[in-house]
Amino acid sequence: MKVTDHFAKAKGKTLVSFEVLPPLKGGSMQAIFNTLDALMEFKPPFIDVTYHREEFIYKVRPSGYYEKAAIRKRPGTVGICAAIMHRFKVDAVPHLICGGFSRDETENALIDLNFLGINNVLALRGDARQFEERFTPHEDGHKYALDLVRQIAGMNQGHYLDPDIVNGEKTDFCIGVAGYPEKHFESPNFDTDLAYTKMKVDAGAHYIVTQMFFDNARFFEYVDACRNAGINVPIVPGLKPLTRRYQLNAIPRKFFVNMPKDLVDAAMKAGDDEAVRQIGIEWCIQQSLELKKSGVPCLHYYTMGDTDTIRRITKAVV
Ligand code: FAD
């Protein structure tokens, strides 16, 4: 079932969903099953699985020179989605990125998903690889998520890259895209970023999932700005709790979001990381309850492998 059909079926009730990461290469699928086993009691209608492109690493050769090598540390997104649907009978939402994919490879990946019965996808650009200054697309790939949305929406109309394919099967993907209550870090300003988000929706995106935020006021302002700009699709808040003191700097550095002063002050005063985690959990619960009260379609939690924390938050919220 499509993500947006789940929202419609819920008739205004706030759902909960989770995002999981594929295990590091060499790791076991059991790690994902363990995480989801612990979260299934909350009846998530869908589970997102992130996609990780290859990264560059530098290996020291016997000669002492460094060799640049490309590796994918977390492969397996599509397989994990199929396994989740098979084992839990829950819809899976694979993330699909522009980075590293030619348009042809994207088309083939979408055909795989379609044949597997996976008809949800979160369409993203992806970030620059480690040690790269900026995002560079595949030479025959997409530069922006907008172009990826257009390709998927085109397949929903039966359009494939090969012009000789006529009357191609129409796929039926429900397309999600990312939104940024505190603007995307590369964007010159909030309004420009919002205009590009509107283009993604106008091109066929069915719903938006936001970057994490720690101040609900930012989310409410974002939703208002979207509505004023004519973006009328469901907007799902993405949530991640603070769990360690070092994240006070690491999260803003990596995700370009602000931490409210009250949260920072409380975390700074906390005795140790466990005390920081308690503060982060309580903060995220309060955020979630307020968002739920405001009528958001779904609370989407970034688990990042920390099942216990996410479980405690969800238990207090549903
Ligand atoms: P875009 O929408 O393409 O926007 C990127 C930038 O370009 C923005 O500054 C935008 O304003 C600008 N822009 C957009 N369109 C145009 C245009 N036509 N012309 C000029 N400028 C334009 N990354 C992963 O690698 N794997 C994941 O699984 C993953 N999951 C994510 C899930 C969520 C909910 C979110 C919020 C992010 C996720 N990311 C993931 C990170 C994401 O890939 C990065 O934030 C990336 O930098 C931007 O992706 P996007 O899809 O928002 O890009």
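Residues numbered from 1 in each chain as written. Predicted model: local features only at pLDDT ≥ 70, side-chain atom pairs only at ≥ 80, totals over all residues. Heavy atoms only, no water.

Caption draft 1: Focus on the nonpolar core. Ranked by internal contacts, the top residues of the largest apolar core, which has 91 residues, are Tyr207 and Tyr301. Among the elements that line this core, the one with the most residues is helix H5 (residues 145–156), at 6 residues. (Core = buried A, V, L, I, M, F, W, Y, C linked by side-chain atoms within 4.5 Å. Buried < 20%, exposed > 50% of the residue type's maximum accessible area, 1.4 Å probe, protein only. Helix = DSSP H or I, 4+ residues; strand = E, 2+ residues; numbered from the N terminus.)

Caption draft 2: Main features of the layout of surface pockets. Considering only enclosed or pocket space, the second largest pocket measures out at about 210 Å³ in volume. Lining the second largest pocket, in full, are Lys13, Thr14, Leu15, Val16, Phe42, Lys43, Pro45, Lys292, Leu299, Val317 and Val318. For the lining of the second largest pocket, the per-class residue count stands at 7 nonpolar, 1 polar and 3 charged. (1 Å grid on protein atoms, 1.4 Å probe; cavity = no way out; pocket = protein on both sides within 12 Å on 5 of 7 lines; lining within 4 Å. Points joined across faces, edges and corners; volume = space filled by probe spheres on them. Nonpolar A, V, L, I, M, F, W, Y, C, P; charged D, E, K, R; others polar.)

Caption draft 3: Main features of the packing of aromatic side chains. The final tally for this structure, using the stated rule, is 10 aromatic pairs. Measuring from centroid to centroid gives 6.0 Å for Phe219 and Phe220, while their planes differ by 70°, and the two rings are edge-to-face. Taking relative accessible area as the criterion, Phe219 reaches 2% and is therefore assigned buried. By relative accessible area, Phe220 is classed as partly exposed at 27%. In this structure, Arg87 is placed above the aromatic ring of Phe33, and the distance from its NZ or CZ to the ring centre is 4.2 Å. (Phe/Tyr/Trp six-rings, centres within 6.5 Å; stacked < 30°, edge-to-face > 60°. Lys NZ or Arg CZ within 6 Å of the ring centre and 35° of its normal.)

Caption draft 4: Summary view of the pairing of strand S4 (residues 66–71). In this structure, strand S3 (residues 55–60) lies alongside S4, joined through 6 bridges in antiparallel fashion. Across the sheet, Lys59 pairs through a bridge with Glu67, a residue of S4. The hairpin turn running from S3 into S4, its antiparallel successor, is 5 residues long, and Gly64 in that turn takes a positive phi close to 95°. (Pairing = 2+ DSSP bridges.)

Caption draft 5: View of the pairing of strand S9 (residues 235–239). When you tally the buried positions in S9, you get 5 out of 5 residues, the bulk of the element. Neither face of S9 is left uncovered, since the one carrying Ile235, Pro237 and Leu239 and the one carrying Val236 and Gly238 both have all their residues buried. Relative to S9, strand S8 (residues 207–212) is paired through 3 bridges, and the arrangement is parallel. Within S9, the residue paired with Ile208 across the bridge is Ile235. After leaving S8, the chain enters helix H7 (residues 216–228) and then returns to the sheet as S9, a path that is right-handed. (Right-handed = clockwise from strand over helix to strand, strands pointing away.)

Caption draft 6: The arrangement of the side chain of Arg277 in detail. Structurally, Arg277 can be placed in helix H10 (residues 273–294). A polar atom in the side chain of Arg277 sits 2.6 Å from the side chain of Thr309. (Polar contact = N/O pair within 3.5 Å; in protein donor to acceptor, adjacent residues only side chain to side chain.)

Caption draft 7: Layout of unusual backbone geometry. Positioned with a positive phi, Phe131 is a non-glycine residue whose angle comes to about 75°. You can call Phe131 exposed: its relative accessible area is 57%. For Asn167, which is not glycine, the phi torsion reads 55° and is therefore positive. Inspection of the secondary structure assignment puts Asn167 in the loop between H5 and strand S7 (174–179).

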